Amino acid sequence: MGNHKKGLLKRYICMAAGFVLSLSLFAGCTKGSNQESETSLILGFSQIGSESAWRIGNTKDIEEQAEKYGINLMFENANQKQENQIAAIRRFIAYKVDVIAFSPIVEDGWDNVLTEAKDAGIPVILVDRDISTEKEGLTTCLIGADFYREGVMAGEYLIRKADALGLDHVNIVEITGTENSTPMRQRQAGFADAIANDSRMNILESIDGDFLKSRGAECMRYLLDEYGDDIDVIYSHNDEMTLGALPEIEKAGYAPGKDIIIISIDGGQEAIDVLKEGKINCVVECTPKLGKEVMETALKLKAGEAVEPLIHPSELVFSDEMDTSKIPERGY
Ligand code: GYE
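### Points about empty space enclosed by the protein
- Within the structure shown, the criterion is met by 2 cavities of 30 Å³ or more.
- Each pocket or cavity is described by its volume, and for the largest cavity that value is around 100 Å³.
- In terms of lining residues, the largest cavity is bounded by 13 residues, among which Trp54, Arg55, Arg129, Arg187 and Asp266 are the most central.
- Contributions of two or more residues to the lining of the largest cavity are made by helix 3 (53-68) and helix 7 (182-195).
- Of the domains in this structure, domain 1 (35-145 + 288-314) and domain 2 (147-286) are the two that each give at least three residues to the lining of the largest cavity.

Laid out in structure tokens, this is it:
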């Protein structure tokens with residue numbers, strides 16, 4: 001197909017998409033009057049990307065819950081780029097959505113665009129991750145996991161495991177999530193604080209794996225080259241990086257879960273299956289199912305009601321200390 005035709009086709013697709021969007025918005029505004037307040041809410045949601053099973057599960061949940069609550073969702077995927085998130089939020093403002101929700105990829109750099117949202121009178125919900133700002137009142141609330149506590153739970157598991165194995169020295173390598181993101185900072189801090197008073201524990205190195213499977217593999221290759229036999233524990237900030245690291249460990253001749261203790265975070269199905277096989281020792285749960293709280297909060301904001309400033313879901317630890325065959329299907 002020639003470039004011109006491709007361009008035309010692209011334009012038609014855009015027009016069609018716009019038409020469908022306006023139709024669905026229109027349908028939303030004309031449904032039965034008792035549903036009117038719900039169906040007339042337009043929520044702009046800027047997602048980080050599709051980097052993990054967690055993120056894909058989170059997107060699915062947001063879409064399903066929006067549908068369930070009769071909320072018109074304008075969904076944008078930023079493909080791991082902050083500038084795409086900023087552009088999406090600007091589009092939501094131009095479109096005059098009722099509420100904006102977004103998961104900030106990193107903590108810094110949101111002041112300008114959020115001031116624009118505030119000036120336009122559009123309330124903003126933070127989902128999953130936090131921002132760092134000196135300014136007051138840019139966002140209304142945060143709905144997301146307690147990442148510090150996840151790190152603490154990972155550290156406490158390691159102390160129990162070291163006790164059970166009778167270890168007197170424990171060398172740890174840490175593969176961290178995206179630098180300057182809330183889960184990276186807090187999972188690191190919680191873990192470090194939990195093991196701080198245990199003199200057996202020694203972190204050899206922390207390395208940035210950006211929450212990606214490919215980076216998990218790369219980091220693992222580097223860590224094995226650098227520290228080899230000295231590594232007793234891998235603490236990885238998410239399942240994807242863990243799943244990327246495991247084959248590298250096996251290729252280097254070690255048995256993950258036996259020669260090296262593996263600790264992961266998220267609790268997606270694939271990692272839980274590997275936990276059941278004994279190649280991961282502990283997975284701290286982080287639930288992506290935040291959609292219900294997001295929709296209920298958006299409805300309250302539209303109605304001018306007060307909302308909870310901070311909502312943390314409750315989370316579990318799955319490990320080789322329990323009968324792992326009993327862990328139910330995870331759904332992400
Ligand atoms: O752990 C990771 C994802 O922010 C909690 O982001 C989320 C993290 C999650 O890519 O898998």
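From this point, the narrative continues.
### Quick look at the packing of helix 6 (residues 147-165) against helix 7
- Look at helix 6 against helix 7: their axes get within 6 Å of each other, and the N-to-C directions meet at 35°. Note on packing geometry: the crossing formed by helix 6 with helix 7 is right-handed. Mapping the contact onto sequence places Phe147, Tyr148, Glu150, Gly151, Val152, Ala154, Gly155, Glu156, Leu158 and Ile159 in helix 6 and Thr182, Pro183, Gln186, Arg187, Ala189, Gly190, Phe191, Asp193, Ala194 and Ile195 in helix 7.
- For the contact of helix 6 with helix 7, the class distribution of residues is 11 nonpolar, 5 polar and 4 charged.

### Describing the site of the ligand
- Close contacts around the ligand come from 13 residues, with Glu51, Asp128, Arg129, Asn238 and Asp266 the closest.
- At 3.0 Å, a side-chain N or O of Arg55 approaches an oxygen atom of the ligand.
- In isolation the ligand exposes 290 Å². Once the protein is present, 100% of that is buried.
- More than half of the atoms belonging to the ligand lie within 2 Å of the grid points that define the largest cavity.
- Every element with two or more residues in the shell around the ligand is listed here: helix 3 and helix 7.
- For the shell around the ligand, the class distribution of residues is 5 nonpolar, 2 polar and 6 charged.
- Of the residues that make up the shell around the ligand, three or more belong to each of domain 1 (35-145 + 288-314) and domain 2 (147-286).

### With respect to the confidence of the model for the protein
- Chain-level statistics for the protein give a pLDDT mean of 91 and a share of 88% at 70 or above.
- For residues 1-38, every residue scores under 50 in pLDDT, and the model assigns this stretch 19 contacts once sequence neighbours within four places are set aside.

### Comments concerning the sheet that holds strand 11 (residues 310-311)
- In spatial order, the strands read 2-1-3-4-5-11; together these 6 strands make up an open sheet with parallel pairing. Two strands bound the open sheet, and with one partner strand each, they are strand 2 (72-77) and strand 11.
- Sheet topology places strand 5 (residues 141-143) next to strand 11; 2 bridges connect them, and they run parallel. Following the sheet pairing, Leu142 is matched in strand 11 by Leu310.
- Along the sheet face, helix 11 (residues 291-302) touches strand 1 (42-47), strand 3 (99-102), strand 4 (124-127), strand 5 and strand 11 and points at about 165° away from the line of strand 4.

Thresholds, definitions, all that
Residues numbered from 1 in each chain as written. Predicted model: local features only at pLDDT ≥ 70, side-chain atom pairs only at ≥ 80, totals over all residues. Heavy atoms only, no water. 1 Å grid on protein atoms, 1.4 Å probe; cavity = no way out; pocket = protein on both sides within 12 Å on 5 of 7 lines; lining within 4 Å. Points joined across faces, edges and corners; volume = space filled by probe spheres on them. Helix = DSSP H or I, 4+ residues; strand = E, 2+ residues; numbered from the N terminus. Domains from an automatic or database assignment. Axes fitted to C-alpha atoms, helices over the stretch in contact; angles between N-to-C directions. Left-handed = near helix turned anticlockwise from the far one by under 90°. Contact = heavy atoms within 4.5 Å. Nonpolar A, V, L, I, M, F, W, Y, C, P; charged D, E, K, R; others polar. Near = heavy atom within 4 Å. Polar contact = N/O pair within 3.5 Å; in protein donor to acceptor, adjacent residues only side chain to side chain. Areas by Shrake-Rupley, 256 points an atom, 1.4 Å probe, with all protein chains shown as cover. Sits in = over half its atoms within 2 Å of the grid points. pLDDT = per-residue confidence, 0-100. Pairing = 2+ DSSP bridges.

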